[in-house]
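Now for the letters of each chain:
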Amino acid sequence: WGAGPRGLSVPGALALRAMAMAGAAMLAVCALAVCGAAGAGESGTDIDTSRYYNYEEMTVLLRGLAEAHSAHARLFSIGRSVENRSLWVLEISAPSPASPPRPQLKLVGNMHGDETVSRQVLLYLAQYLVQGYGRDPRLGRLLNTTRIYLLPSFNPDGFERAVEGDCSGSAAARRNARNKDLNRSFPDQYSAQAVEEADVPEVVAMERWIKENKFLISANLHGGSVVASYPYDDSRNHESNGYYSKAPDDEVFKYLAKTYASKHPIMKMGKPGCADSPEETFPDGITNGAKWYDVPGGMQDYNYLYGHCFEITLELSCCKYPPASALNEEWKNNLESLLSFMEQVHIGVAGFVLDAVLGSGISDASVVVAGIDHNITTGSFGDFHRLLVPGIYNITTVAQGYMPSTVLDVEVLEGPATQLNFTLQSLDNHTIETVNPTMASSTEFKMHNVSEMEDVQQSNTIEPENFRHHNYIDMEILLRKYATEYPAITRSYSIGKSVEERNLYVMEISDNPGVHEMGEPEFKYIGNMHGNEVVGRELLLNLIEYLCSNYGTDPEVTSLVNNTRIHIMPSMNPDGYERSTEGDMDGVVGRNNSNNYDLNRNFPDQFFQIIDPRQPETLAMMDWLNRIPFVLSANLHGGSLVVNYPYDDDPDGAEMYSRSPDDAVFCQLALSFAKENGPMFEGHPCKKIYPDEYFPQGITNGAKWYNVPGGMQDWNYLHTNCFEVTIELGCFKFPYASDLPKYWKQNKRSLLQFMKQVHRGVKGYIIDATNGKGIFNATITVAEVNHPVRSAKDGDYWRLLLPGVYKITTSARGYTPKTRSVTVVEEAVEVNFTLARVANNHDSGLDQVLTESSADPGQEFEKLIKSLSSENGLQDLILSARVDLNLYRYHDYKDLSEALRGLHSNYPAITKLTSLGQSVEVRHIWALEISDRPGRKEVAEPQIKFIAGVHGNAPVGTELLLAFAEFLCILFGKNQAVTKLIEETKIVIVPSVNPDGREIAQEGQCTSKVGQTNVHGKDLDTDFTGNSSEQLAEMQPETRDIVKNLILKQGFTLSVVLDGGSLLTTYPYDKPVQTVENEETLKYLANVYSNNHPKMHLGHPGCPNNTDESIPGGVVRGAQWHGHMHSMKDFSVTYGHCPEITVYTGCCTFPLAKELGTIWHDNQRSLLSMLVEVHKGLRGKVTDHDGKPIPRANIILNEGVRVPTSDAGYFHILLAPGPHDVDALAEGYQHQRKQVFVSPYEAATTLVMVVELDNKLFGLPRELVVTATGAALSAVIVTACIVWCVCSFKSSHQKDGFHRLRQHRDDYEDEIRMMSMGSKKSLLSNEFQDETESDEDTLHQ
């Protein structure tokens, strides 16, 4: 027995071998990385690189290697060419047991017969590896842990026709003997390749070899340039070039390509300098295949899509068939690259998927990485190896007949693969339990409780018999029939009517119909949204019959009905159905409702305004969802065969993955349906209609498939607690009735299994600690998942989650939030929260909630902040406050000044225009304040500053802030939300810090540095050196004025700086630091801006100078992007105690004016989000016990960041959502600590920190210190009096004293001398000095 990582049990000898192999692999990769290139020349091999080998010579060489090194080399052929030449493969690997298998890689050369360098390089590599094994430690480690397959010539026929010295190549030699380009002859995902198998036996052999083996990585070696190309090689539109066709594993492919290119002395430069394209450049020596040029039918894409093998294409030389004299140099150029590439076969995550009882490996289990739409399967021993770049991943394994298992937060590091084993529980080991729920029951529903063997299930259940199409009247009769026959578990009702007044019927099936039972989740199925897509309608009628007929006799059905409130709507579009026709395969008649509107384009959308009038069916559905707390739903459609999950669209309307916060949960939900439907799970639907369409495992992200603005599934997720997917049930929209039994058999298990998913995750109650009642509308938030759900009327809640450990927080108005760490397993975990009401007494230790004004206005504003913080709050505000600003030109300094003066002149009640100072060339640095009381200091009002134009060559920010200022001014008094924001916020806009640089910058110059600095050539963002007088004196005038008159003068809560040159947001620090205090908050603020931007949050700026740049979430710490010292944001945080983010609004620093409108549209919501965000966090006041404010007290956050209170004792601090420790320190007062919870949706938590006088001095009681001090002072006074008396007495008897001095001079001499040494005018000399001096007297003074 062994213990696997993360506590997973790994039984049996197989697991022990697995661990041994894993350890060996890890040691091998570590050692390989350490040895590096040093080992490349230590093999002691003797390789002849002076000539080319024809087919016969190559065959002799390979056979000789295999015979001479039979212990670790084996020669075989995967097939033959057109002209009957063998496609030789040399397998190279040290002897090993059959299990567990080693990771496999292949290198293929000479696919184009006239591209010959690859052929020779692989022959040299074969000799190098087999001869060097046992001599070179690096090669030994590689062969001991890897199976390497070398195919030097994939097109031996073409090679025989090629001519040495032909650099440009010939078509005859390039292609095979049947004149077919082998790299255009593989099955393609986007277009059918019209190639007869008889014409390309080489391709047929390769396809078979790929499918029969589990290769991890591969390289296809070519010639004609010097670059590493990676998938995809073509795109749906087949644009000839320039289109980046991204594979799901784009990051892994770039990683592999860069590994090869970085070790190649020419390739890494990115400038091949080939004669036919001398100006061609490839950043880092790599390129996306389709972006370079479109290659349909290529081999590298086939490897990835059909063999799960990560193949890249390597162009080794500009000359396709160079003279033999060049071969030695080519070998040297590529050796280290080849070795380094082969070593990458060990990266990622690897392990075994095992049966929990038997300990044996589970073959063909799917390994799913959340967020990457490409799954792999396990081998015959249950082994898997999934290539991944370093990062954190959630990984799920799924196998037929087993319960899925998910491991969250798997960390993949550089180097050897992370070892991760899964043990899966068989579904056969789980029996059905019939339960009788009671109010607030905690009985767990058994999810995976039925054998998937359909024949066993058939024999125990009553199957539907009513297989025919039902028109509206027929459907009504059927629903009434079942409602009448099964009144104990059914209720038929209508949620509204269609355009033609047909009822939108719902059949409720539950053990207590008509009642929402506490703790019981609500589930719904919707069918026939498109009237001519009828399979869903009939399946749901069959499901109603099945559930009713088997309740009480079939344990699975009984358990479902007893523990779930099921709502089934067979037809959402009964009008459209009546116009549809049986036999309609792919038509549109009847698709829309009677008003000819597509109901699945009619819901409010998060990215686009839906201008079509809301239809009665849509309104009825929205009302229904707002009345019932649905947890899970599926919308059944037709026209394809796939489960589609949110999001259904994206901001650009592009076909790309649009990820929701719960993407991993949605993938699992979709998979739960698809894996029970065999044809769907295969992923190749509708081959006759869409032959190239492929959905791995039968699921897809909606927007990646195609964009659906106004769809119902996204509206469910964004506006309710309900998770909905869209299920396409078949290619035939209105099939013949004779086919309906087939559809039921194919989907029955899927329909039942999907319903069971409603019992996943976390459920429970939010309870009032005072009266024990449930709290309605409490917010349940999962850390790191930006999607809260709310409790139902009885305080019960459900939150779908995958297995894992989560921090879950509940909050409700008037209650103290509570956070718990929760471990989620396969079945729903019950977690109850008891919330205490907020007390009024600040001494209780709870936070005292205050409002500065009367209760109603304060509550009204808090509600506004909460509303604007909802998922569509800001978008709704923008849609309701449309202002045509007509951004069509840039403003130079003169125009900018006039525009600002114009705003102040037209809106004097809410604006104040001031000059912060002047530039080198005496241009004003303007600041426009927008507030309901401009110029007046509001001590408790948050202040936010927006700054642009630090770099004069990036004036987009200037234009955005000018537009933003006008937007706010225009809407003040007209739009309630904007008016309240202005009334409650002090907004300062500084549109141009560097007006001199702006004057010389040129429009349309995207990368020009002209105007970036000020007139003295100083980059102002490197000039914020410090706040001492000496440092201020050395600053540029622009910087100094910003520091003195803005950053240090006013207590800002938040600062936002707009710049250009990329599309991302950075947060402090720009300087390199080991740790960043309060980084969570700084990063959160940057994320708020990025997440409200339609493109930035995607994390791919796509700038021409760095097309492959990836910035997760569009947010990065400044130092990790373009670090530099003395930036404005670092100064603002350090000396201004104000968090500052820098927003880069676009790749082009000075785009054409016609683009300003689009840029404003993209940033408008983000800018508004900052106005909302500044009102969050924590605000309050520090006072003594009598309510007197304590100025300049230190507020310490989480034992780190210090923020001083204002002169009036106020503070306002922005914080990331979650719990925080807050300390108040003031000189002479006792330390106070409180813990607060900050919500991402609520206005600032407001508290008063009451500090008591410190009763201790020097660590001792104040009374003792005062008494001791008094006694000491008394003693000092008494001693002084005695001394004074003695002195006075001696002074009145000077002569007598002098006489005694002379008499006793010997007695005092030593003492006088010692005192005189300390000072020429010692106390003794003055005290005994005689006024009638003599020589003798002077001598003794």
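These numbers were taken from a predicted model, which means no experiment stands behind them.

Turning our eyes to something else, we now look at the pattern of salt bridges. A full pass over the atoms with the stated rule returns 54 salt bridges. Note that Glu 91 and Arg 147 form a salt bridge whose closest N and O atoms lie 2.9 Å from each other. Of this pair, Glu 91 sits in strand S4 (residues 86-92) while Arg 147 sits in strand S6 (residues 147-151), and the two are 56 residues apart along the sequence. A salt bridge links Asp 199 to Arg 178, with the shortest nitrogen-to-oxygen separation between them at 3.3 Å.

Judged by nonpolar contacts, the single largest core of 92 residues is most densely connected at Leu 107, Leu 129 and Ile 395. Here the element with the most residues in this core is helix H3 (residues 117-132); it accounts for 10 residues. Those residues in contact with Leu 129 that lie beyond four places of it in its chain are Ile 92, Leu 139, Leu 143, Ile 148, Leu 150, Leu 339 and Met 342. Val 561, Val 643, Cys 667 and Leu 802 belong to the second largest nonpolar core, which has 84 residues in total.

On to the sheet that holds strand S9 (residues 286-288), then. The eight strands are arranged S3-S4-S6-S5-S7-S10-S8-S9 in an open sheet whose pairing can be described as mixed. Strand pairing shows two members of the sheet lacking a second neighbour, strand S3 (73-80) and S9, which therefore form its edges. Between one strand axis and the next, the sheet turns by 20° as a mean value, whatever way the strands run. Across six bridges, strand S7 (residues 215-222) lies against strand S10 (residues 310-315) in parallel orientation.

The next thing to look at is the side chain of Asn 677. As for its placement among the helices and strands, Asn 677 is situated in the loop between helix H18 (663-674) and helix H19 (678-682). Setting aside chain neighbours within four positions, we find Asn 677 in contact with Leu 641, Gln 746, Asn 747 and Ser 750.

You can see Glu 160 is positioned in helix H5 (residues 156-161). The spacing of Glu 160 and Asp 114 is 46 residues in sequence and 8.7 Å in space, taken between C-alpha atoms. Residue contacts for Glu 160: discarding those within four places in its chain leaves Asn 54, Tyr 55, Arg 85 and Arg 119. Only 3.1 Å separates the side chain of Glu 160 from the backbone nitrogen of Tyr 55, close enough to count as a polar contact.

All right, on to the confidence of the model for the protein then. The predicted model of the protein averages 85 in pLDDT, with 86% of residues at 70 or higher. Taken together, the stretch residues 429-459 has pLDDT below 50 and engages in 74 contacts with residues farther than four places along the chain or on a different chain. Residue range residues 840-856 is modelled with pLDDT below 50. Its contacts to residues more than four positions away, or to other chains, number 29 contacts.

What follows is about the state of the cysteines. Across all of its chains, the model carries five disulfides by this definition. Between Cys 686 and Cys 731 runs a disulfide, and the two sulfur atoms are separated by 2.0 Å. One quick way to see it: the torsion about the S-S bond of Cys 686 and Cys 731 is about -100°, and its sign makes the bridge left-handed. Taken together, the residues Cys 686 in the loop between H19 and strand S25 (699-701) and Cys 731 in the loop between strand S26 (723-730) and helix H22 (740-756) connect sequence positions 45 residues apart. Through a disulfide, Cys 1103 is tied to Cys 1147; the S-S separation comes to 2.0 Å. Taking the sign of the S-S torsion, -80° for the link of Cys 1103 and Cys 1147, the bridge is left-handed. Of this pair, Cys 1103 sits in the loop between helix H31 (1079-1091) and strand S41 (1115-1117) while Cys 1147 sits in the loop between strand S42 (1140-1146) and helix H34 (1156-1173); the two residues are 44 residues apart in sequence, bridging distant segments of the chain. When its relative accessible area of 22% is taken as the criterion, Cys 1147 is described as partly exposed. Indicated for the protein is the disulfide connectivity 1-4, 2-3, 5-6, 7-10, 8-9, based on numbering the bonded cysteines in sequence order.

Moving on to the pairing of strand S12 (residues 366-369). The side chains of a regular strand alternate between the sheet's two faces. Neither face of S12 is left uncovered, since the one carrying Ser 366 and Val 368 and the one carrying Val 367 and Val 369 both have all their residues buried. Here two bridges tie S12 to strand S13 (residues 376-377), and the two strands are oriented antiparallel to one another. By the bridge assignment for S13, Val 367 is matched with Ile 376. Joining the antiparallel neighbours S12 and S13 is a turn of six residues, in which Gly 371 adopts a positive phi near 90°.

Further remarks concern the packing of helix H8 (residues 250-263) against helix H11 (residues 327-343). Two numbers describe how H8 lies on H11: the axes approach to 7 Å, and their chain directions differ by 150°. Taken as axis vectors, H8 and H11 run roughly antiparallel relative to one another. Considering the relative orientation of H8 and H11, their crossing is right-handed. Judged by residue contacts, Leu 256, Thr 259, Tyr 260 and Lys 263 of H8 engage Asn 333, Asn 334, Glu 336, Ser 337, Leu 338, Ser 340 and Phe 341 from H11. Residues of the contact of H8 with H11, tallied by class, amount to four nonpolar, five polar and two charged.

Calculation criteria
Residues numbered from 1 in each chain as written. Predicted model: local features only at pLDDT ≥ 70, side-chain atom pairs only at ≥ 80, totals over all residues. Heavy atoms only, no water. Salt bridge = Lys/Arg side-chain N within 4 Å of Asp/Glu carboxyl O. Helix = DSSP H or I, 4+ residues; strand = E, 2+ residues; numbered from the N terminus. Core = buried A, V, L, I, M, F, W, Y, C linked by side-chain atoms within 4.5 Å. Buried < 20%, exposed > 50% of the residue type's maximum accessible area, 1.4 Å probe, protein only. Contact = heavy atoms within 4.5 Å. Pairing = 2+ DSSP bridges. Axes fitted to C-alpha atoms, helices over the stretch in contact; angles between N-to-C directions. Polar contact = N/O pair within 3.5 Å; in protein donor to acceptor, adjacent residues only side chain to side chain. pLDDT = per-residue confidence, 0-100. Disulfide = S-S within 2.5 Å. Parallel < 35°, antiparallel > 145°, perpendicular 65-115°, else oblique. Left-handed = near helix turned anticlockwise from the far one by under 90°. Nonpolar A, V, L, I, M, F, W, Y, C, P; charged D, E, K, R; others polar.

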